[in-house]
Amino acid sequence: MARYAVEHIWEGKKEYFLIRDHQSWQMVLLPSKYLTHLIRANRSPNTVGRRAKSIRFYLEYLNETELELSQVAEQEFQEQYEHYVGFLHWLKAGNHLNDKKEKLPSNKTCNAYLKDVFRFFCFLELEADMERLKVLYYDSFTTHDSIGVKRKLRFRSFNGYLKEEERNVRPAEHNEILELLKQCTNCRDQLLIMLLAETGYRIGEILGVDYTRDIDYERHTIRVFFRDDNENDARAKNAEERRGRVSDDTFEFLLYYIGEYWDILQKQEYLFINIKGDTIGKPLRVDSVYDMFERMEKKTGIKITPHMLRRYYANTRWEADWPLEMISQALGHKHLDT
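First things first, this report covers the structure right here in the doc.

Parameters and conventions
- Residues numbered from 1 in each chain as written.
- Predicted model: local features only at pLDDT ≥ 70, side-chain atom pairs only at ≥ 80, totals over all residues.
- Heavy atoms only, no water.
- Helix = DSSP H or I, 4+ residues; strand = E, 2+ residues; numbered from the N terminus.
- Expected span 1.5 Å × (residues − 1).
- Buried < 20%, exposed > 50% of the residue type's maximum accessible area, 1.4 Å probe, protein only.
- Arc of directions from axis to C-beta.
- Contact = heavy atoms within 4.5 Å.
- Pairing = 2+ DSSP bridges.

Re helix H5 (residues 107-127)
Part 1 of the argument: Along its 21 residues, H5 runs 30 Å from first to last C-alpha, staying within 8% of the 30 Å computed at 1.5 Å per residue.
Part 2 of the argument: One or two steps after H5, the chain reaches Asp129, where phi turns positive at roughly 55°.

The structure is reproduced here in structure tokens:
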């Protein structure tokens, strides 16, 4: 049985995370302080939840290896290096899983967990005066920036990550999208698929759209920007505001959808809502969208995800000779390399 658990605490609409030791029933102070820091820094609940899970796994590993956080920080380079390589292989073997029947994590997922742990240690270095990890920085030098301020630059050295599998997420195809639209049982799901394909927005971005403020009904554009107070925890990933134009036909369908569900929509501001059941009128959540796509896959045999629709958008713009910089900007990427 796992010793540590991630717990959630709500203060109004704000969700906080903590890690509890089930042997002592005490909150584990430093990890919980770090998670609170992330929430106060406006990191998304999904991001903080993932880091909480990564740190919980690492605490289980420390428990098995009979080490404390401070002891790891004090280790010499080679000992630290072997410790973290051991953590990666511990994850890869599925030792962190409660149910051994669960699918083993990919190398990329294991690496992501370790990177979250490294971020936690960087916080400890700054906030808890813990010794910095030698596997992250093995040398440093002092330089001056353009206005003469001294800066210390450090070399990153850890190279023990697992070799990651090549990402193989194909874009959705036009005929697949048409088939899904035909098989939808309501116009809300149809509109969601159409907008994801025509804007390239992330699912968290599209679910945060406020139809009273974010839609330009004259120019047929929809904007997204960072918010941290959405009732359904939907968030734009980056703080920069973006606008996307949709086709006239799709915009006409958007108006039809609003008219069809106006009795429900007028009671709140979110464009996409639950249209039946106990949660009718509540903003649609990400897990409900993925459930919808899973139902469509069982019905049609076609596997489509929101990210595949995002890649469809990117491919169609590339084929239409859009400059790469424009596609990157439309997708909301911070870096052109992405």
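So, helix H13 (residues 324-331)
Part 1 of the argument: Ile327, Ser328 and Leu331 are the residues of H13 that are buried. The buried residues of H13 occupy one face: seen down the axis, they fall within an arc of 100°. Away from its buried face, by an angle of more than 90 degrees, H13 presents the exposed residues Glu325 and Gln329.
Part 2 of the argument: The inward-facing, buried residues of H13 contact strand E8 (242-245) and helix H12 (306-319).
Part 3 of the argument: At the exit of H13 stands Gly332, carrying a positive phi of roughly 80°.

Observations concerning the sheet that holds strand E6 (residues 215-216)
The strands making up a sheet associate through hydrogen bonds between their backbones, and the pairing can be parallel or antiparallel.
Part 1 of the argument: The three strands lie next to each other as E6-E7-E8, forming an open sheet whose pairing is antiparallel. The sheet is open, and its two edges are formed by E6 and E8, each paired on a single side.
Part 2 of the argument: Where E6 and strand E7 (residues 221-224) come together, two bridges link them in antiparallel fashion. Residue Asp216 lies in a different strand from E7, and its bridge partner there is Thr221.

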